[in-house]
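Fold and geometry: a report
Here is how the chains run, residue by residue.
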Amino acid sequence: MSVISKCRQLRTLLESNELEFILEAHNGISASIVESAGFKGIWGSGLSMSAQFGVRDNNEASWTQVVDMLEFMSDATTIPILLDGDTGYGNFNNMRRLVVKLEQRDIAGVCIEDKQFPKTNSFIDGNKQPLADIDEFCGKIKAGKDSQTDDDFCIVARVEALIAGWGLSTALKRAAAYHQAGADGILIHSKSSRPDEILAFAEEWAGRSPLVIVPTKYYSTPTAALRKAGIDLVIWANHMIRTAVAAMEKTSRTIYESESLIDVEDKIASVEHIFKLQGADELSKAQDKYLAQKSDIHAIILAASRGNELYELTHDKPKAMISIGGKTLLGRLIEGLKKVGINNLTVIAGYKAEAIDIPDIEKCINDDYASGDELKTLVCAQDNFNDDMLILYSDLLFREYILRDLIETEGEIVVTVDSALDNPNMTGTPDYAYCSKDDDRPPFMQDVTLTRLSPSADAIAQPPSGYWIGMMCVRKRGRQWIEAALEELKQAANFNELILPDLLNHLIQQGRLIQVHYINGHWLDVNALIDLDRAGDFTQ
Ligand code: SPV
Ligand code: MG
């Protein structure tokens, strides 16, 4: 969809054969409200912008402060803004720079008035206000027109002759000169409460160029009369700031006097409405698109065993708490989990449970660790199971990508299998993984399922595809399978001896698909003293 530039939109408004209307705004939120109401353009009123800054309409706010505010207004809207540029904030040179800066901020046009800097609002002692020299003002218009790069950028020349008490012929003479100098429209201003002088001007002007008016004082004039007079653009010049001020005065008085919010809450915009005007919806969609989703994965970490092969190192603590390179195994594991956004951590302790003193974890205790094995430990954390969870041993050291890839692999239950069977460093009893396919990389992510885990490579005629490293990722249905399987296995006479591979084998026998994610090395299962020497690879 091609977007019509704001400059073009403003030019179309000025040059259309219909009577068009623009409404004042003075900051981003009022501008967006004006657009939402249906207006096709915005008047960047000098009076209103000064007022919202809390200063007078006498060029007390600097022009760059005005332009900065305009940028917020323009960013918040898609309709054009015609800036009330006072006198152009100086001479022709200031006008040139103003036009350049306005175009840079996507402001569609500027209206300059033929008074002297610093100006005073037209409704304050208008008669006393000196007008600009005609030639000097024409030079300013020309300088502005020569500075614009978009042909559609509009410069409207505002004639203050009627305000200053000079009468119709002066107003017409000035308007003609400004038109000649290149102005895209003439704004004829009046402080009269009747429209007579404006209507007379319009008649004499006779459509020589677009005619703009500001009927603040002659507001009771029927719009039909303005239309009939051939006016092109009406500016409702200050009604947003005045309505805001009236509302703010009323609300502040009520809150002050009642020392309560009870009388105002239902009468003011809801906080949700403010969010809407600020575009909160767009941000939340963008967050979904661009921000890494916060993980709600829970990790269930089995840390109940002593680790007998580590001898005196585990005299007073479980294997998970032995220190490697200044950090405990469990501490390192938790650090790795947190790095990938997993902060919901359950550690199932058993042997020397009190030695596990890590903050921000939930500790479940298997008091029966001496007589029970892994499944007995796992069921202790059943209340903490989640529809997205990792179940893993606490004695693992691994490269970060292994965890990341595991949680990104689809499947109700996914196990990480190391296909580097030639690993000469394997200690303890490995869990040989028999899989539906060997790891024939590439292709990288393959659809492979687990057929069986076995403590022995000879148990089945087919050679194993790798080792299960003691990590699995479980999703909603996988959790249900595991919960049901644990209930069944609890009835078995040998439940106390069952380990995680028994659980996975049980699920496979039931026809559940256990997905395999292959890796090739880059992990270590700390079982024996010799593993501590090898751990250096993972502890930098
Ligand atoms: C403004 O809105 O600042 C104007 C219009 O210049 S008026 O205040 O009516 O002069
Ligand atoms: Mg003004």
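Reading guide: rules and limits
- Residues numbered from 1 in each chain as written.
- Chains lettered and ligands numbered in written order.
- Predicted model: local features only at pLDDT ≥ 70, side-chain atom pairs only at ≥ 80, totals over all residues.
- Heavy atoms only, no water.
- Buried < 20%, exposed > 50% of the residue type's maximum accessible area, 1.4 Å probe, protein only.
- Helix = DSSP H or I, 4+ residues; strand = E, 2+ residues; numbered from the N terminus.
- Pairing = 2+ DSSP bridges.
- Domains from an automatic or database assignment.
- Patch = residues over 30% accessible without salt bridge, like charges linked within 9 Å, V, L, I, M, F, W, Y side chains within 5 Å.
- Areas by Shrake-Rupley, 256 points an atom, 1.4 Å probe, with all protein chains shown as cover.
- Salt bridge = Lys/Arg side-chain N within 4 Å of Asp/Glu carboxyl O.
- Near = heavy atom within 4 Å.
- Polar contact = N/O pair within 3.5 Å; in protein donor to acceptor, adjacent residues only side chain to side chain.
- Nonpolar A, V, L, I, M, F, W, Y, C, P; charged D, E, K, R; others polar.

1. Brief notes about the pairing of strand β20 (residues 514-519)
Most of β20 sits inside the fold, with 6 of its 6 residues counted as buried. Alternating residues of β20 divide into I514, V516 and Y518 and Q515, H517 and I519, and every residue in both groups is buried. The sheet contact formed by strand β16 (residues 413-418) and β20 spans 6 bridges and is parallel. Counted as the bridge partner of T416 is H517 from β20.

2. A look at the domain arrangement of the protein
By a frequent convention, interface size equals the accessible area lost on bringing the separate parts together. Partitioning the protein into domains gives domain 1 (6-245), domain 2 (260-293) and domain 3 (298-538). Averaged C-alpha coordinates put domain 1 and domain 3 at centres separated by 73 Å.

3. Quick word on a nonpolar patch on the surface
A surface patch of nonpolar side chains, amounting to about 390 Å² of accessible area, comprises I29, I33, V271, I274 and F275. Broken down by secondary-structure element, the contributors of at least two residues to the nonpolar patch are α2 (28-37) and α11 (271-278). Mapped onto the secondary structure, I274 falls in helix α11. Looking at I274, the relative accessible area reads 32%, which means it is partly exposed.

4. Section: the site of ligand 1
Within the structure, ligand 1 sits among 13 residues, and W43, S45, L47, D84 and R158 are positioned closest to it. One of the backbone N or O atoms of L47 is found 2.8 Å from an oxygen atom in ligand 1. Within the side chain of H189, an N or O atom sits 3.0 Å from an oxygen atom of ligand 1. Contact with the protein chains hides 100% of the accessible area of ligand 1, taken as 280 Å² for the molecule alone. Residues of the shell around ligand 1, tallied by class, amount to 5 nonpolar, 6 polar and 2 charged.

5. Re unusual backbone geometry
In this model, F117 is joined to P118 through a cis peptide bond whose omega is -5°. In this fold, P118 is placed in the loop between β4 (109-113) and α6 (134-147). For N59, which is not glycine, the phi torsion reads 55° and is therefore positive. On the secondary structure map, N59 appears in the loop between α3 (46-53) and α4 (63-75). For N59, a relative accessible area of 16% corresponds to the buried category. For E259, which is not a glycine, the phi torsion comes out positive at approximately 50°.

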